[in-house]
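# Analysis of the macromolecular model
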Amino acid sequence: MPEIKSEGYTFSFGDTARFRQIVIDVMTEACSVIETEHPEGIGTLGEKQMHAAIKRFICPDKAKHEVKLYNSYGYTGAAENGHANRKFIADVLAENTVYEIQTGSFSPLREKISWILENTVYNVVVIRPIAESLWVSYIDAKNGSIGPRRKSPRHGRLEDIAPQLYFFRDFINNPRFSLLILMIEADQYRKKISGEKSKKIRSKKYELIPNSLDRAYIFKSAIDYNIFVPETLPELFTVKTYSQMAKIYGMDAYSIVKTLCHIGLLEQCGNLGKAAAYRRRHDKHTDNE
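Turning next to the overall build of the chain. Each helix and strand counted, the chain has five helices and 10 strands in total. Within the chain, buried positions represent 44% of all 289 residues. In the chain, once contacts between residues fewer than 6 apart in sequence are set aside, the share between residues at least 24 apart is 65%. For the chain, the exposed area adds up to about 16200 Å²; of that, 49% sits on carbon and sulfur atoms.

Below, the discussion takes up the nonpolar core. Grouped together as the largest cluster of nonpolar side chains are 47 residues, with contacts concentrated most on Leu179, Tyr225 and Tyr242. Aside from chain neighbours lying at most four places away, what touches Leu179 is Phe106, Val126, Ile161, Leu165, Phe168, Tyr217, Ile218, Phe219 and Tyr225. If you look at the next biggest cluster of nonpolar residues, it comprises 31 residues, including Phe57, Ile101, Ile139 and Leu182.

The next point concerns helix α3 (residues 110–119). Where α3 is concerned, the buried positions are Lys112, Ile113, Trp115, Ile116 and Leu117. Packing partners of the buried residues in α3 comprise β3 (89–94), β4 (97–101), β5 (123–139) and β7 (177–192).

The buried count for β5 comes to 13 of 17 residues, which makes it a mostly enclosed element. Examined bridge by bridge, β4 and β5 share five bridges and lie parallel to one another. If you follow Tyr99 over to β5, its bridge partner there is Val125. Direction of pairing for β5 relative to β7: parallel, over a ladder of 15 bridges. Note that in β7 the partner of Ile139 across the bridge is Lys191. Pairing analysis gives two bridges linking β5 to strand β6 (residues 150–151), with the strands arranged antiparallel. Within β6, the position partnered with Trp135 by the bridge is Lys151.

Quick look at the pattern of salt bridges now. This structure, assessed with the given rule, holds eight salt bridges. Note that Lys55 is salt-bridged to Glu66, the shortest N-O span being 2.8 Å. Placement of Lys55 in helix α2 (residues 48–58) and of Glu66 in strand β2 (residues 65–68) is noted, with a sequence separation of 11 residues between them. The exposure class of Lys55 is buried, given its relative accessible area of 10%. What makes Glu66 partly exposed here is its relative accessible area of 42%.

Bringing the packing of aromatic side chains into the picture now. Aromatic rings considered in pairs are described by the distance between their centres and by the relative angle of their planes. For the structure on display, the rule yields 10 aromatic pairs. Pairing Phe19 with Phe57 gives two aromatic rings, centres 5.6 Å apart and planes at 90°, and the pair type is edge-to-face. Of this pair, Phe19 sits in helix α1 (residues 13–37) while Phe57 sits in helix α2, placing them 38 residues apart in sequence. This pair shows no difference in class: Phe19 is buried, exactly as Phe57 is. Relative to Trp115, the ring of Phe88 lies with its centre 5.4 Å away and its plane at 40°, an arrangement referred to as tilted.

In this section: the packing of helix α4 (residues 239–246) against helix α5 (residues 251–262). In the contact formed by α4 and α5, the axes pass within 10 Å of each other and the chain directions differ by 105°. Considering the angle they form, α4 stands roughly perpendicular to α5. The segment α4 lies against α5, with Val239, Tyr242 and Ser243 engaging Ala253, Tyr254, Ile256, Val257 and Leu260. When the residues that make up the contact of α4 with α5 are grouped by side-chain class, the tally is seven nonpolar, one polar and no charged.

For α2, a buried count of nine out of 11 residues is recorded, marking the element as mostly surrounded by other parts of the structure. Gln49, Met50, Ala52, Ala53, Ile54, Lys55, Arg56, Phe57 and Ile58 are the residues of α2 that are buried.

Of the residues in the chain, 78% reach a pLDDT of 70 or more, and the chain-wide mean stands at 82. For the stretch residues 34–47, pLDDT sits under 50, and the model shows 19 contacts to residues farther than four places along the chain or on other chains.

In this section: unusual backbone geometry. Within the chain, Asn96 stands out as a residue other than glycine whose phi angle is a positive 65°. Look at Asn96 and you get partly exposed, because its relative accessible area is 39%.

Secondary-structure assignment places Asp224 in the loop between β8 (203–219) and α4. For Asp224, which is buried and forms no salt bridge, the nearest opposite charge comes from Lys220, at a distance of 7.3 Å. Of the polar contacts made by the side chain of Asp224, one reaches the backbone nitrogen of Lys220; its length is 2.7 Å.

Thresholds, definitions, all that
Along each chain, residue indices are assigned from 1 in the same order as the chain's sequence is written. Thresholds applied to this predicted model are a pLDDT of at least 70 for local features of residues and 80 or more for the giving and counting of side-chain atom pairs; totals over whole chains, interfaces and linings are not thresholded and use all residues. For the side-chain quantities, the full set of heavy atoms in the structure was used; hydrogens and water were omitted. Counting from the N terminus, the helices are the DSSP runs of H or I reaching at least four residues and the strands are the DSSP runs of E reaching at least two. Burial classes follow relative accessibility: with a 1.4 Å probe on protein chains only, a residue under 20% of its type's maximum area counts as buried, one over 50% as exposed, and anything between as partly exposed. Only heavy atoms enter the contact rule, under which two residues are in contact if any of them lie within 4.5 Å. Accessibility throughout is a Shrake-Rupley quantity obtained with a 1.4 Å probe, and a residue counts as covered only by protein chains that appear here. Buried Ala, Val, Leu, Ile, Met, Phe, Trp, Tyr and Cys residues that are joined via side-chain atoms within 4.5 Å together make up what is termed a nonpolar core. Here the rule is simple: two strands pair whenever DSSP picks up at least two bridges between them. Only one rule defines a salt bridge in this text: a Lys or Arg side-chain nitrogen within 4 Å of an Asp or Glu carboxyl oxygen. The criterion for an aromatic pair is that two Phe, Tyr or Trp rings (for Trp, the six-membered ring) have centres within 6.5 Å, with stacked assigned to planes under 30 degrees apart, edge-to-face to planes over 60 apart and tilted to the rest. Axis definition: a line fit to C-alpha positions, over the contact stretch in the case of helices; interaxial angles, taken between N-to-C directions, run 0 to 180 degrees. Just so you know how the angles are binned, under 35 degrees is roughly parallel, over 145 roughly antiparallel, 65 to 115 roughly perpendicular, and the rest oblique. Under the convention adopted here, Pro, Cys and the residues Ala, Val, Leu, Ile, Met, Phe, Trp and Tyr are nonpolar, Asp, Glu, Lys and Arg are charged, and Gly plus all remaining residues are polar. For every residue, the predictor assigns a confidence score, pLDDT, that lies between 0 and 100. The charge count treats Lys and Arg as positive and Asp and Glu as negative. His and the chain ends do not count. In the analysis that follows, any N or O atom pair within 3.5 Å is treated as a polar contact, provided that within protein one partner can donate a hydrogen and the other can accept it, and provided that, for residues neighboring in sequence, both atoms belong to side chains.

Next comes the structure, spelled out in structure tokens:
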């Protein structure tokens, strides 16, 4: 895994070529499993191809994948009310660092990360892929045939993970916690919903397979999250103003503003009209200089 700087990293040709070969290897192995154990075909393994490919890119040594975690007393998980200990498994454990790949909500990881930071000496890196470029293919529900591959008009953005940061608000200022965002190109397979008479295609997500890497962003401290604070914000602003300038809308805007306040980049200071007012904090902990 190349060293990634906070201001962003563009993957080299070598990085991308290695990732593509990993995806080919993962898909080849998945197809073999599907043929022998899951004859119903693509989609049976959920999004494990994405998960497996990123694990191997981070660490090719499979012996360091899916590793049971122990605290200093040799116990795994957290005992509560006399019940058996929870079992926590690291996606990757390498060089004193736990890597967790998460394609969905960050919420399910909160308990696990909290336990690792409180009960072990490991660092934690959460890895989240975002499909910046997406190709979509539809699977016929009746015969399983796959239609033509088409470019989706939707583009994933770094801002897409902004509202999810609320679940990590208590970890961001911990020097042992980092967030790694991988901007990728991916193929999404969607299964058509049968019985629909509408001209618009009705479908559900079936499989997401990575194709190539584009860029990466690493967030190691609160300062790095300044990327979610638009430079054009006035000295005092409301969530509505933030929403318009950051292009993060609805309750998502409230969520990220609360997170930025929690980690010390913003602070609430009275009201503008009937709405709460906010401003940047400029101190030794958040100043970029």
